[in-house]
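Reading the structure
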Amino acid sequence: MPERVRTRYLVVGSGVAGLHTAWRASESGDVLVLTKRSLFDSATAYAQGGIAAALGAGDSPKLHRQDTLAAGAALCDAAAVAVLVEEGPARVNELHAAGAKFDLDPSGKFKLGREAAHSRHRIVHAHGDQTGAEVARTLIARVTESERVQVFERARVLDLIIEGERCCGVRASVAGQPVDIIADATVLATGGCGQVFRYTTNPVVATGDGYAIAHRAGVRLADMEFVQFHPTALDTRENPLQLISEAVRGEGAILVNEAGVRFMPKRHRLAELAPRDIVAREIFRERAGGRCVYLDATKLGRGFTRRFPGIYAVCRARGVDPVKELIPVTPAAHYMMGGIVTDLVGRSSIPRLYACGEVSRTGVHGANRLASNSLLEGLVFAERVARDLATTPELPEPPRKRKWRVPVLTDRGAAQVAADDVRSVLWDYAGIARTAKGLHTCLERLDAIEERLPEGATEEANMVDTARLIAEAALLRSESRGGHYRSDFPRSKRKWRGRHIEW
Ligand SMILES: Cc1cc2nc3c(=O)[nH]c(=O)nc-3n(C[C@H](O)[C@H](O)[C@H](O)COP(=O)(O)OP(=O)(O)OC[C@H]3O[C@@H](n4cnc5c(N)ncnc54)[C@H](O)[C@@H]3O)c2cc1C
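If you're wondering where the values come from, they're calculated on a predicted model, not measured in any experiment. (Residues numbered from 1 in each chain as written. Predicted model: local features only at pLDDT ≥ 70, side-chain atom pairs only at ≥ 80, totals over all residues. Heavy atoms only, no water.)

Notes on the overall build of the protein chain
Regarding its fold elements, the protein chain presents 14 helices and 17 strands. Taking 503 residues into account, the globule formula puts the C-alpha radius of gyration at 23 Å, and the protein chain, at 22 Å, falls close to it. Counting only C-alpha atoms and orienting by the principal axes, one finds that the protein chain spans roughly 65 × 55 × 45 Å. Counting over 503 residues, the protein chain shows a buried share of 61%. Long-range contacts, defined here as pairs at least 24 residues apart, represent 72% of the contacts in the protein chain between residues at least 6 apart. The protein chain carries 70 positive and 61 negative side-chain charges, and their two centres are separated by 4 Å. (Helix = DSSP H or I, 4+ residues; strand = E, 2+ residues; numbered from the N terminus. Rg over C-alpha atoms; globule rule 2.2 N^0.38 Å. Buried < 20%, exposed > 50% of the residue type's maximum accessible area, 1.4 Å probe, protein only. Contact = heavy atoms within 4.5 Å. Lys, Arg positive; Asp, Glu negative; His and termini not counted. Charge placed at Lys NZ, Arg CZ, Asp CG, Glu CD.)

Set out below in structure tokens:
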């Protein structure tokens, strides 16, 4: 591997956002995709429920827009939401035409599911509950067949190269070797950061590298206090936890505590289909009161196996038969609404640096993401990024060469302990229910963890940095809104309406 590689476009990450960008950008120039593990290692490949798009009879971008804005609790960017809902249907149709085998009805139209807080059936899905894997498979096929896309797997980006106040590429460890990748334009599509919480549905690659890397380089970030906790992950000791899709509740499954009491109808008029943050908080409250919580899907009978074959297999492999038994569930960190602030074509605050997908903050989710809007956001904004990339002029002069080495991890055990400590501290003090006292403790503990980090623990250092961004923002926002809940300030405040916490 040479010490320096030159490409027209550099895309970091191989989820829906990175792959779609690479595929479409290759129409105007050579693309290099870097990804931390294999091409298939991403949150995208885990997505179950589907992609939201106004494609059904009686639906419209206007209705989708209303639902998205309502979920976002007065923090969405209206222009970004308009782009999402208006361009979404075309992107889904294109992906279908590109080979994605979505579930269709006998007349050949998309079978559309319904999820919480959507006013219409608008969730396009594949193989029942394996939508993300189908999206990833389709895009990987398009990218790997393109002669203009090169892929480096096991290539971890450590930092951006910023010179002359513009981004000229990245420093990466490629199979352990230090490589400077120089690009006319760099796209961060590094996904989310669920791994900074003890309980998460996110894959192990989701350590928040993109937020930390961008923050170190002085890129503008916002809304990091808004983390979405999914109400129903299968309660086991695994990492990540397996998700039990909202669609299961959409089909009629109910939540009961260990006394067999169905608690949601008394807490919200939409019962189990209330917004995610509310359901997650109520389950958290039950568990904090010492009562385990279960999803009862038994009334779906054998239909469960047909509608949710993947979830059925996951449960059976862990000794639970959802057709006959209750499924033990816990809330888990699921999605980061905040991130790198971008404009409507994915440009960040630093010239030649773009962001798309979960790592970006386009403004479509506001304080809370509407279910199944994130794969859509990945497709819609990656397309816009790809088009805009074509307008990037060549770098006038490449950055200076500087010798550097990939930091060598000196103590793997200590790094693991640090990662586990971050996960516990964030879950306990900056998780579903936050207080000022707890957040102060959280920040102190993060400082202590940082001091104990062994040399070369770069990924764990990113976890600490990202965790700190979440806790700092959560401390500043002295109200509750969307995914951010402060038990010392349980209501939304007018003074915070429309206000963002930015770095
Ligand atoms: C279990 C689960 C179910 C979900 N279900 C749905 C759903 O039904 N509908 C929906 O819309 N959304 C769903 N989501 C959310 C959605 O999957 C994600 O938000 C979306 O896939 C994010 O796509 P992305 O391309 O931004 O990031 P990802 O798909 O996470 O990809 C990020 C990529 O960046 C790489 N990377 C990270 N750091 C580095 C680094 N330092 N160097 C190099 N590479 C790096 C990773 O390896 C990965 O390839 C779900 C998420 C989970 C976890």
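Regarding the pattern of salt bridges
Under the criterion given, the structure shown has 44 salt bridges. We note a salt bridge from Glu 134 to Arg 137, for which the minimum N-O separation is 2.6 Å. With Glu 134 and Arg 137 both in helix α4 (residues 131-145), this residue pair falls three residues apart, about one helical turn. By relative accessible area, Glu 134 is classed as buried at 5%. A salt bridge links Arg 171 to Asp 180; the nearest nitrogen and oxygen atoms lie 3.5 Å apart. (Salt bridge = Lys/Arg side-chain N within 4 Å of Asp/Glu carboxyl O.)

Notes on the site of the ligand
Among the 38 residues in the neighbourhood of the ligand, the closest are listed as Thr 44, Gly 50, Asp 209, Glu 358 and Ser 374. Take Gly 15: an N or O atom from its main chain is 3.5 Å from an oxygen atom of the ligand. Interatomic distance of 3.4 Å between a backbone N/O atom of Gln 48 and a nitrogen atom of the ligand. Protein contact buries 98% of the 1,000 Å² of open area that the ligand shows by itself. Looking at the shell around the ligand, the elements with two or more residues in it are α1 (16-25), β7 (155-163), β14 (327-336) and α11 (373-389). Class assignment of the residues belonging to the shell around the ligand gives a composition of 14 nonpolar, 18 polar and six charged. (Near = heavy atom within 4 Å. Polar contact = N/O pair within 3.5 Å; in protein donor to acceptor, adjacent residues only side chain to side chain. Areas by Shrake-Rupley, 256 points an atom, 1.4 Å probe, with all protein chains shown as cover. Nonpolar A, V, L, I, M, F, W, Y, C, P; charged D, E, K, R; others polar.)

Overview of the environment of Glu 225
Among the secondary structure elements, Glu 225 is positioned in the loop between β10 (221-222) and β11 (227-234). The class of Glu 225 is buried, set by a relative accessible area of 0%. Taking C-alpha positions, Glu 225 is 13 Å from Ala 436, a pair spaced 211 residues apart along the chain. Among the polar contacts made by the side chain of Glu 225, one reaches the side chain of Arg 477 at a distance of 2.6 Å.

A short note on the side chain of Asp 465
Mapping Asp 465 onto the fold places it in helix α14 (residues 458-476). Side-chain polar atoms of Asp 465 contact the side chain of Arg 216, separated by 3.4 Å. When residues no more than four places from it in sequence are discounted, the contact partners of Asp 465 are Ala 212, Arg 216 and Glu 450.

Here we look at the sheet that holds strand β3 (residues 51-52)
Within a sheet, each strand pairs with its neighbour through backbone hydrogen bonds, oriented either parallel or antiparallel. Strand order across the open sheet formed by three strands is β3-β5-β4, with antiparallel pairing between neighbours. A strand with exactly one partner marks an edge of an open sheet, and here the two such strands are β3 and β4 (112-113). (Pairing = 2+ DSSP bridges.)

A look at the packing of helix α2 (residues 61-71) against helix α3 (residues 78-97)
Following both chains from N to C, one finds α2 and α3 inclined at 135 degrees, their axes separated by 9 Å at the closest point. Regarding the angle of α2 to α3, the classification is oblique. Two packed elements cross with a definite hand, and for α2 against α3 that hand is right-handed. Facing α2, whose interface residues are Pro 61, His 64, Arg 65, Thr 68 and Leu 69, α3 presents Val 81, Val 85 and Glu 86. Looking at side-chain class alone, the contact of α2 with α3 contains four nonpolar, two polar and two charged residues. (Axes fitted to C-alpha atoms, helices over the stretch in contact; angles between N-to-C directions. Parallel < 35°, antiparallel > 145°, perpendicular 65-115°, else oblique. Left-handed = near helix turned anticlockwise from the far one by under 90°.)

Considerations on the pairing of strand β2 (residues 31-34)
The side-chain alternation of β2 yields two buried faces, one formed by Val 31 and Val 33 and the other by Leu 32 and Leu 34. Two elements, strand β1 (residues 4-12) and β2, share four bridges in a ladder whose sense is parallel. For Tyr 9, the partnering residue across the bridge sits in β2 and is Val 31. As a crossover connection, the stretch from β1 through α1 into β2 is right-handed. The pairing of β2 with strand β6 (residues 149-152) spans four bridges and is classified as parallel. (Right-handed = clockwise from strand over helix to strand, strands pointing away.)

Interpretation in functional terms is not warranted from these geometric data alone.
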